[in-house]
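# What the coordinates show
Next come the chains, spelled out residue by residue.
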Amino acid sequence: MKITIAGGGSTWTPGLLNAITNHKDNFPIDELVLFDNNPERQKIIGEFGKVLFREKYPNLKFSYTTDIKEAFHNVDYVFCQIRTGGYEMRKKDEKIPLSMGLIGQETCGPGGFAYGFRSIPDMIKLVNDIRKYSKDAWILNYTNPAAIVAVALKKEFPNDNRILNICDQPINLLKSYGKILDMDYREFEPYYFGLNHYGWFTKLLDKKGNDLLPKLKEVIKSEGFLPADAEQRDQSWLDTYGMVQQMVEDFDEYLPNTYLQYYLYPKYKLSKLDPNYTRADEVIDGREKNVFNECKKVYEQQTLDGIKMVHNDAHGDMIVEIAMSIEYNLNNYFIVIVENNGIINNLSDDAMVEVTATLGKNGPRPFTVGDISTFYKGMIESQYAYEKLITEAYYEKSYNKALMALTLNRTVIDVNDAKKVLNALIEANKEYWVELD
């Protein structure tokens, strides 16, 4: 078995390499290749990988490359986690809207719009490159903003059933629920519906069929909410999880995805965001610096001894466990992004929804959700219209549809604000975006 990681220079890659090592007995592979178009970043991660596998997985053939054929020839799985424009463009995604009194966030609102417009062409190229050399490879895609990318890839590759778009935030939430309940999150049978970064848990069953959601809601209302790995999180993430308590107090039917706070409380969230020092700056000064420093130390010392690496357990474990469930037809539960096709009965069939599914050799078998009530239907329809219009704006090179998309987004609403931020994002993204007419 051969696996390639596209985005080999990502700060998330060391955690993914560790996950591959930790799962080697249950999911043995023969060859692993890192691929990136930034050789300098990838070399640091790649040299760390050589030491890691020499010490922990010596029979694994490991390499890193910028050559497309070498990366994707006869590959079985591709794990994708690319970031078009890198963290420098992420800073602009966040700071440009904030300078105009709008939410500046990586995947939500105008920042997510800009990131999506950059990601679409690179993801389409990446899939075409993979299919040129491995027509049957499973493409497991973490690339953000996953909702927009999923819509675009479905439009571009409507009959490719081996592209699976995923996100680790539902798993992060399940791990946090497990910590509250003192349970292994893998024992849960979760029920979830929505769009990526825009969904709700409706039930959480234990092995006996008991629904744990009512108890969880009461604990969160009374004691608040923290991530399972709170001691490893930046303050901004602690604040993000903390807002779940407010969301549950206001709408206590379900348990929300943390990202919904940007859409439900945009004025409050805006008041808590620093336009001069955003999450991108925090990542650059924190995880980015720490991960690369640790990888350099490993390479220089040629040993893992005495070096404590930054952990990305949920991110790495999830994608490996998804591949394992597909490869061995385990049909384990995961929350993934799929075409609706009646899963949520009163939503458009073409919506790319995020729902619970079992995963086996034939891909996802999603749980039926049925009808959803007016509030959730209205929220999702508005957000999906925004995501679909972004894709249409890209394909049609339409300024008007891009403006429509931003106007619909709950973090913007006002047409004049939408126009102002769109024009600024066009100027900032000249190197990456298609020209809009």
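Shown above is the structure to which this text applies.
Residues numbered from 1 in each chain as written. Predicted model: local features only at pLDDT ≥ 70, side-chain atom pairs only at ≥ 80, totals over all residues. Heavy atoms only, no water.

### Regarding the overall build of the chain
In terms of helices and strands, the chain carries 16 helices and twelve strands. Dimensions of the chain along its principal axes, counting C-alpha atoms only, are 55 × 55 × 45 Å. Sorting the 437 residues of the chain into buried and exposed places 58% on the buried side. Look at the contacts in the chain between residues 6 or more apart in sequence, and 71% of them connect residues 24 or more apart. Carbon and sulfur atoms form 46% of the exposed surface of the chain, whose accessible area is close to 18100 Å². (Helix = DSSP H or I, 4+ residues; strand = E, 2+ residues; numbered from the N terminus. Buried < 20%, exposed > 50% of the residue type's maximum accessible area, 1.4 Å probe, protein only. Contact = heavy atoms within 4.5 Å. Areas by Shrake-Rupley, 256 points an atom, 1.4 Å probe, with all protein chains shown as cover.)

### Here's the deal with the environment of leucine 359
As for its placement among the helices and strands, leucine 359 is situated in strand E11 (residues 352–360). Classification of leucine 359 as buried rests on a relative accessible area of 0%. Spatially, the C-alpha atoms of leucine 359 and arginine 186 are 14 Å apart, while their sequence positions differ by 173 residues. Apart from residues lying up to four places away in sequence, leucine 359 is in contact with Leu164, Ile322, Ser325, Ile326, Leu330, Asn331, Asn332, Phe334, Val336 and Pro364.

### Here we look at the sheet that holds strand E8 (residues 198–205)
With antiparallel pairing, three strands are arranged side by side in an open sheet as E7-E8-E9. Edge strands, defined here as strands with exactly one partner in the open sheet, are strand E7 (189–195) and strand E9 (255–256). Summarising the sheet, E8 and E9 pair through two bridges and their orientation is antiparallel. Note that in E9 the partner of tryptophan 200 across the bridge is proline 256. Strands E8 and E9 of the sheet are contacted by helix H8 (residues 213–223), whose axis makes an angle of about 120° with E8. (Pairing = 2+ DSSP bridges. Axes fitted to C-alpha atoms, helices over the stretch in contact; angles between N-to-C directions.)

### Describing the packing of helix H5 (residues 109–133) against helix H6 (residues 146–156)
Two numbers describe how H5 lies on H6: the axes approach to 9 Å, and their chain directions differ by 40°. Regarding H5 and H6, the two cross each other, and that crossing is right-handed. Along the contact surface, H5 presents Gly112, Phe113, Gly116, Ser119, Ile120, Met123, Ile124 and Val127, while H6 presents Ile148, Val149, Ala152, Leu153 and Glu156. For the contact of H5 with H6, the class distribution of residues is nine nonpolar, three polar and one charged. (Left-handed = near helix turned anticlockwise from the far one by under 90°. Nonpolar A, V, L, I, M, F, W, Y, C, P; charged D, E, K, R; others polar.)

### Details of the environment of valine 298
Position of valine 298 among the secondary structure elements: in helix H12 (residues 279–301). Exposure remark for valine 298: the relative accessible area of 0% places this residue in the buried category. Remark: the alpha-carbon pair of valine 298 and lysine 125, spanning 173 residues in sequence, is separated by 33 Å. Excluding residues within four positions of it along the chain, valine 298 makes contact with Phe48, Val51, Thr303, Leu304, Ile307 and Met309.

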